[in-house]
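Chains, contacts and geometry: an overview
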Amino acid sequence: MIAVRQSTLLRSLAIVVAAALILLLLSGELSAYRQLQLAEGTYFFAVLAGLTMLIGLSGQVSLGHGAFLCVGAYTVSLLIADEGWALAPAIAAAVVVSCLIGLPVGAAASRLRGPYLAGATLAFAVGLPALGDKFPSLFDGENGLTINPPAVPSWLGANFSLEHWQAWIGCVGGLIVLFVLLNLYRSGLGRSFRAVRDDEIAAALCGLRVGRMQTLAFVISAGCAGLGGGIYAAVLNLATPSAFSLTLSLSLLTGAVVGGLGSLTGAVWGAALLVLLPNWSNDIAHSLSLSGNVSDNLPQAIYGVVLIVVMLAWPSGLQGGVRALVGSARARWGGNGGNEAKRIESPEGGGEK
Amino acid sequence: MTKFIDLTLNGISTGAIYAAVALALCLIWRATRIVNFAQGAMLMITTYIASAVINSTGSYVIGLVVALAAGLVLGAVIERVVIRPVENAPPLNAVIVALGLYTFLIAFAGMIWGATPRAFPAAFSIRGYEIGGTRVLFAPNDTFIVLVVVAVALGLAVLFRATPLGLQMRAAAFKPEVAQLLGVRVGRMFTLGWALAALTGAIAGILVAPSIFLAPNNFDPILISGFVAAVLGGLDSPPGAVLGGLILGLALSYVSGYEGSALAPLAALVILVLVLMVRPGGLFSATAERRV
Amino acid sequence: MLLTRSAPAMLEVEHVRTEYGAVKALDGVSLNVERGSVTAVLGANGAGKTTLLRTISGLVRPTAGNVVLDGEDITRRPVEEIVRRGLAHVPEGRGVIGELTVEENLRLGGLFRRRESASPDEIYELFPRLIERRSQPASRLSGGERQMLSIGRALVARPRVLLLDEPSLGLAPRLVAQIMAMVRNLADTLGLAILLVEQNARSALSVANRGVVLNLGRVVADQAPEELAADERLRHAYLGF
């Protein structure tokens, strides 16, 4: 069931290699500021990809994924700052820790449905950062943990900037997540997730262990978020409780929804939104000379409106909108009576980049 | 011993607030099968409005009345404009819309009133009663809180059980299509449900504001607690909501009193998880956990 | 199918077309129901019988055609309005609201035609079985009792037209006979115009004045019951007996 066909592996590999090449070229052309934004985008992509998989592919909901991002960031920070680990093993450990924490959470979540699941994960999002205050010696309370920026390896030459390196780190992390999820989507496991999503009772009657599938999906998505948290720590070099607030978890949800639930390409859109929107809204606020209060709250106000409008107008998000456009264009050219365009496709996470 | 009595009385008073919020959530759930995650933000807005009116008119009562009216209008408008389109959609859509509403309302409040916390007047004295020479942690204002919430709960119970309007609302909630075929204006019943819920929330907001101060994010713990209380009682059960509020109020009071208040949100989370593990549909839920 | 009549039919359905997306559930259906008569609508699953009733009562909008109630065009009016004009629709599965008591279900039926509506007591006279259950949640009723409740609830508003969707579903034969007898009785004594959708063609035809057979959204026969029963080919093809 976890086995993946060779053709799928090759296909995913091809996509990842192509993406890697594009990113390699792209990252060289960007300014330092943009490189940092690219790095930001990669950690958002990592957590959004996991979240969109959880919601779209396995049919569960989590309003608390910011907490796993937090876990990943803190794990890496602790290991590097206190234990002197190198970056790569620290990030690997972050993934493991997130998965371990995701296990009981996912097991609990698998017993809940609908609003009860949403509310429990919401409480988790609010409750977990409070732990940071509760154990100040370990987590250094509100100040959080800081680490030194990752050292640029010498073989890249003296001119290779820190930001460029951080962008590369992020890209590698993002590509790993992409590879794993691309394979997941096309594997037997992915089909099992979909079966459970669509009809639990029917799936159980076919012999699928519903609870286990749902827990596994949660664990995988927690791992992706943990990886994202590791990248976060490598890029921002700081982890504080207040950074992982409920607001962050809701922003993540916005990103997943706007991109299109279940769609990996959608996760790219969502990551772009989360990186670019705060800056845009600040620019708008400045150009309109809005007061401090208004400009401070503008990004959130926009997120809120975007969430509502997208849900009302395009429930399948940007990627769904793109698919519908492509579908209707194809239908018009193919002369199939145009009925194909009206069918709403369930998000399949088509992994084309 | 006095500490225990103090904490118990305090728990009853805070429990009444949670019960009110839980009732609001329960109303909306029963009416439209949606958990209104924006409830806390909505009651935050109506409380700000009350504050503005009280400051400009100097009268608590006028502020209260305006806030209640604002609640009715806010609830009705939100249902009609934002919620109606997702009432028949998959439940996740409504959850996301509610969260979007929450995000927007918090930001909106921040834009208009800023983030600096403000004081909000209490209706009655907050100095505890003197019983036998000691001052207990229960004041005339707390009596007011408990009485108001009890009155609201009873009022809603009478509305639903004993009036034709309540009958229509229940029918619309349970089987909208059948209710339509019996002549019930189902859309209006949904709007009314949201309006009443917002009214109840507005009351809760005004009652709790004096102790938590007024700031956009200060009502979030109230929402979480209200949600936990509603879940404890089972989202379908108004008496459950009240009981759940009471239980939670007492539990959190004891935790805060004996272990420190920082632990309270965590305690709420633990209680929520424990209850849901045993009864995934809430304590009073009609159906037991789904097993296949 | 043109009927010469002295008074217009209570319910007239004219060339109604109802579509679900690309699927034509009803494709130009016309029929009439007179006062004090029972018209049976028959046909296989998916023939469009339920869609017909839902179109008439307004739950579904037709894309073409008209529905006329006692001379008034009610096509595309909101359901609540149509119902208030004296049309009652007992849906498939009975539509009993389980969480309400029997008494509450009945009272619900009469909220909108207060002046004209019957009191629950009159319904209890018609269905004595329900009296003992009046304060119990309707979910506790048996299938037959629920059918009585849903019909009784529809009657509280003293409708002029009654749409019944498969009342015999899931009921034992003896009960089915009782229900059918009651349907006939309602038409005769109260003068209701009754449109009776049924899969149990034989029992429906036994009480009907007219039989309409639907297939794939079209009317393939509209005749007196004796003629339908006599037409062997039709019976075998569409009615299953």
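Residues numbered from 1 in each chain as written. Chains lettered and ligands numbered in written order. Predicted model: local features only at pLDDT ≥ 70, side-chain atom pairs only at ≥ 80, totals over all residues.

As for the overall build of chain A
Within chain A one finds 15 helices and two strands. A burial count over chain A gives 53% of its 353 residues as buried. (Helix = DSSP H or I, 4+ residues; strand = E, 2+ residues; numbered from the N terminus. Buried ≥ 20, exposed ≤ 12 C-beta atoms within 10 Å, placed from the backbone.)

Things to note about the overall build of chain B
On a plain count of helices and strands, chain B comes out with eleven helices and two strands. Reading the helices (α) and strands (β) of chain B from amino to carboxyl end gives α-α-α-α-β-β-α-α-α-α-α-α-α. Relative to the 2.2 N^0.38 estimate, which gives 19 Å for 292 residues, the radius of gyration of chain B is 19 Å and therefore close to what a compact globule would have. The buried share among the 292 residues of chain B stands at 55%. Partitioning the intrachain contacts of chain B with sequence separation of at least 6 by distance along the chain shows that 71% fall at a separation of at least 24. (Rg over C-alpha atoms; globule rule 2.2 N^0.38 Å. Contact = placed C-beta atoms within 7 Å.)

Examining the interface of chain B and chain A
Across the boundary between the two partners, chain B contributes 40 residues, which contact 41 residues of chain A. Breaking the side of chain B that touches chain A down by element, the ones donating at least two residues are α4 (91-113), α9 (220-233) and α11 (264-278) of chain B. The element best represented in the side of chain B that touches chain A is α4(B), accounting for 16 residues. Here the residues of the side of chain B that touches chain A are counted per class, giving 33 nonpolar, five polar and two charged. (Nonpolar A, V, L, I, M, F, W, Y, C, P; charged D, E, K, R; others polar.)

A few points about the interface of chain B and chain C
Across the boundary between the two partners, chain B contributes 15 residues, which contact 18 residues of chain C. For the side of chain B that touches chain C, the secondary structure elements donating two or more residues are α6 (164-174) and α7 (176-181) of chain B. A per-element tally of the side of chain B that touches chain C places α6(B) first, with six residues.

What to know about the confidence of the model for chain B
Detailed reading of the predicted coordinates is not advisable wherever pLDDT falls low. All names here are of chain B. Of the residues in chain B, 97% have a pLDDT of 70 or more, and the chain-wide mean is 87. Across residues 288-292, where pLDDT falls below 50, the model places six contacts with residues more than four positions away in sequence or in other chains. What the predictor reports for the complex is a pTM of 0.83 with an ipTM of 0.88. (pLDDT = per-residue confidence, 0-100.)

Some details on the sheet that holds strand β2 (residues 23-33) of chain C
All names here are of chain C. Pairing in this open sheet of four strands is antiparallel, and the strands run β2-β1-β4-β5 from one edge to the other. Among the strands making up the open sheet, the edge pair consists of β2 and β5 (72-73). Of the pairings in the sheet, the one linking strand β1 (residues 11-20) to strand β4 (residues 64-69) comprises five bridges and is antiparallel in character. Among the inter-strand pairings, E12 is bridged to a residue of β4, identified as V68. Set on the sheet, helix α1 (residues 49-57) makes contact with β1, β2 and β4; between it and β2 the angle comes to about 70 degrees. (Pairing = 2+ DSSP bridges. Axes fitted to C-alpha atoms, helices over the stretch in contact; angles between N-to-C directions.)

Some thoughts on the pairing of strand β8 (residues 193-197) of chain C
All names here are of chain C. A large share of β8 lies buried, amounting to five of its five residues. Residue alternation in β8 divides its side chains into two sets, A193, L195 and V197 and I194 and L196, and both sets are buried. In the sheet, strand β3 (residues 38-42) pairs with β8 via four bridges, with the strands oriented parallel. Looking across to β8, one finds that T39 is bridged to L195. Bridge count for strand β7 (residues 161-165) against β8 is five bridges, and the pairing is parallel.

Thoughts on the packing of helix α2 (residues 32-57) of chain A against helix α12 (residues 264-287) of chain A
Residues and elements named next belong to chain A. For the pair α2 and α12, interaxial distance at closest approach is 8 Å and the crossing angle is 135 degrees. The angle between α2 and α12 falls in the class oblique. With respect to the hand of their crossing, α2 and α12 are arranged in right-handed fashion. On the side of α2, the interface is formed by Q37, E40, G41, F44, F45, L48, A49 and T52, while α12 contributes L264, G266, A267, V268, G270, A271, A272, L274 and V275. Here the contact of α2 with α12 is composed, by residue class, of eleven nonpolar, five polar and one charged. (Parallel < 35°, antiparallel > 145°, perpendicular 65-115°, else oblique. Left-handed = near helix turned anticlockwise from the far one by under 90°.)

Some details on the sheet that holds β3(C)
All names here are of chain C. Here six strands make up an open sheet; going across it, the order is β6-β7-β8-β3-β9-β10 and the pairing mixed. The two strands at the open ends of the sheet, each matched to only one other strand, are β6 (87-90) and β10 (218-223). Adjacent strand axes in the sheet meet at a mean angle of 15 degrees when their direction is disregarded. Along the sheet, α1 makes contact with β3, β6, β7, β8 and β9 (210-215), crossing β7 at roughly 150 degrees. Against the sheet, helix α6 (residues 173-190) contacts β3, β7 and β8, and its axis sits at roughly 160 degrees relative to β8.

Some details on unusual backbone geometry
Residue and element names in this part refer to chain C. Its identity as a non-glycine residue notwithstanding, D70 has a phi of 50 degrees, on the positive side. Locating D70 in the fold gives a position in the loop between β4 and β5. Assessed through the 18 C-beta atoms surrounding it within 10 Å, D70 is described here as partly exposed.

Structural notes on the environment of A264(B)
Residue and element names in this part refer to chain B. Within the element layout of this structure, A264 appears in helix α11. The exposure class of A264 is buried, given the 20 C-beta atoms found within 10 Å. Sequence separation between A264 and L235 is 29 residues; the distance between their C-alpha atoms is 22 Å. Excluding its chain neighbours within four sequence positions, the residues that come into contact with A264 are L252, V255 and S256.

A closer look at α9(B)
Residues and elements named next belong to chain B. Here α9 spans 20 Å end to end across 14 residues, near enough to the 20 Å set by a 1.5 Å rise per residue. With twelve of its 14 residues buried, α9 lies for the most part within the structure. All of the buried residues in α9 are I222, L223, I224, S225, G226, F227, V228, A229, A230, V231, L232 and G233. Phi turns positive, to about 90 degrees, at G234, one or two residues after α9. (Expected span 1.5 Å × (residues − 1).)

Digging into the confidence of the model for chain A
Residues and elements named next belong to chain A. Taken over all residues, the pLDDT of chain A has a mean of 81, while the share at 70 or more is 85%. Looking at the elements of chain A, mean pLDDT is at its lowest for helix α15 (residues 339-342), recorded as 35, and at its highest for helix α10 (residues 210-236), recorded as 92. For the stretch residues 334-353, pLDDT sits under 50, and the model shows 38 contacts to residues farther than four places along the chain or on other chains.

Some remarks on α6(B)
Buried residues of α6(B): L167(B), Q168(B), M169(B), R170(B), A171(B), A172(B) and A173(B), and no others. Among the structural elements, α1 (2-32), α5 (140-162), α7 and α8 (186-212) of chain B together with α3 (102-109) of chain C are those in contact with the buried residues of α6(B).

Focus: the pairing of β6(C)
Residues and elements named next belong to chain C. Here β6 shows a buried face lined by L87 and H89 and a second buried face lined by A88 and V90. Bridge analysis of β6 against β7 gives four bridges, and the strand direction is parallel. Residue pairing across strands places L87 opposite V161, the latter belonging to β7.

As for the packing of α1(B) against helix α10 (residues 238-259) of chain B
Residues and elements named next belong to chain B. Interhelical geometry of α1 versus α10 gives an angle of 140 degrees and a closest axis separation of 6 Å. Judged by the angle between their axes, α1 and α10 are oblique. With respect to the hand of their crossing, α1 and α10 are arranged in right-handed fashion. Counted by class, the contact of α1 with α10 contains 16 nonpolar, ten polar and one charged residues.

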